[in-house]
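Remarks on the overall topology
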Amino acid sequence: DVSSLPPPHPMIERQGRLYWTKLMEAGKKQRKNWIQQWVVLLANNLLFYKDQKQATMTRSLPHGRPDSSCDLRGAVISWAKDKSSKKNVMELQTLRGLSLLLHHDDLKTIQKWLTAIKATIQKANLA
Ligand code: I3S
């Protein structure tokens, strides 16, 4: 029974392909550079990988080989209707002045990411 199998990694809340770009870093506006990457949501972090293979977690590489990461503690996530010409875009703002846009063509998929990231931030703030 597949439904009774444990998740691929107990730390992973959600994972999949997303388009993303930086909007601000350390409070400074950045030039957008949309790229599609494999994104993994953990309890306190969002990790960005070149592809799914780079996300393989092992004992010696507990987070695989991420290209970049984002600390979710104290972060805020919301829909971003006026920051892109694309639909289904959300903005993640961190305490360190980093602001990212996240996008997926499918509304349901981006809604699931929004719900999962919101819940994760709430849990991280309570911990
Ligand atoms: O909000 P912007 O700055 O108009 O964003 C668009 C530009 O970054 C554009 O690149 P240039 O730097 O060559 O102008 C990108 O190709 C677009 O994707 C950006 O807009 P969207 O609406 O896709 O977020």
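Below you will find a few notes about this structure. All values derive from a computational prediction rather than experimental measurement.

Attention shifts here to the site of the ligand. Contacts to the ligand come from Arg31, Lys32, Trp34, Ser84, Ser85 and Lys86. Within the side chain of Ser85, an N or O atom sits 2.6 Å from an oxygen atom of the ligand. Contact distances for the ligand include 3.1 Å between an oxygen atom and a side-chain N or O atom of Lys86. By residue class, the composition of the shell around the ligand is one nonpolar, two polar and three charged.

Summarising the element assignment, Thr94 is placed in the loop between strand S7 (89-93) and strand S8 (99-103). The class for Thr94 is buried, based on a relative accessible area of 13%. Setting aside residues no more than four positions away along its own chain, Thr94 makes contact with Cys70, Asp71 and Ala75.

On to unusual backbone geometry. Phi at Ala26 is positive, roughly 50 degrees, even though this residue is not glycine. Following the sequence through the fold, Ala26 ends up in the loop between strand S1 (14-25) and strand S2 (28-29). Of note in this structure, Asn88 is not a glycine but carries a positive phi near 55 degrees. Mapping Asn88 onto the fold places it in the loop between strand S6 (76-79) and S7.

A separate point is the environment of Ile110. The residue Ile110 is located in helix H1 (residues 107-126) in this model. Along the primary structure Ile110 and Met90 are separated by 20 residues, whereas in three dimensions their C-alpha atoms are 8.0 Å apart. Setting aside residues no more than four positions away along its own chain, Ile110 makes contact with Leu18, Trp79, Asn88, Met90, Leu102, His103 and His104.

The subject of this paragraph is the side chain of Asn88. Accessibility expressed as a relative area gives 17% for Asn88, which makes it buried. Reaching out from Asn88, the side chain makes a polar contact with the backbone oxygen of His104 at a distance of 3.2 Å. Each residue touching Asn88, except ones within four places of it in the same chain, is listed here: Trp79, Leu102, His103, His104, Asp105, Asp106, Leu107 and Ile110.

Okay, the nonpolar core next. If you look at the biggest cluster of nonpolar residues, it comprises 21 residues, and the most contacted ones within it are Leu46, Leu92, Leu102 and Ile117. Of all elements in the fold, only S1, strand S3 (35-41), strand S4 (45-49), S7, S8 and H1 reach the threshold of two or more residues within this core. Per-element accounting of this core gives the leading share, six residues, to H1. When neighbours within four sequence positions are excluded, Leu46 is seen to be in contact with Val39, Val40, Leu41, Ser68, Ser69, Cys70, Leu72, Leu92, Leu102, Trp113 and Ile117.

Rules behind the numbers
- Residues numbered from 1 in each chain as written.
- Predicted model: local features only at pLDDT ≥ 70, side-chain atom pairs only at ≥ 80, totals over all residues.
- Heavy atoms only, no water.
- Near = heavy atom within 4 Å.
- Polar contact = N/O pair within 3.5 Å; in protein donor to acceptor, adjacent residues only side chain to side chain.
- Nonpolar A, V, L, I, M, F, W, Y, C, P; charged D, E, K, R; others polar.
- Helix = DSSP H or I, 4+ residues; strand = E, 2+ residues; numbered from the N terminus.
- Buried < 20%, exposed > 50% of the residue type's maximum accessible area, 1.4 Å probe, protein only.
- Contact = heavy atoms within 4.5 Å.
- Core = buried A, V, L, I, M, F, W, Y, C linked by side-chain atoms within 4.5 Å.

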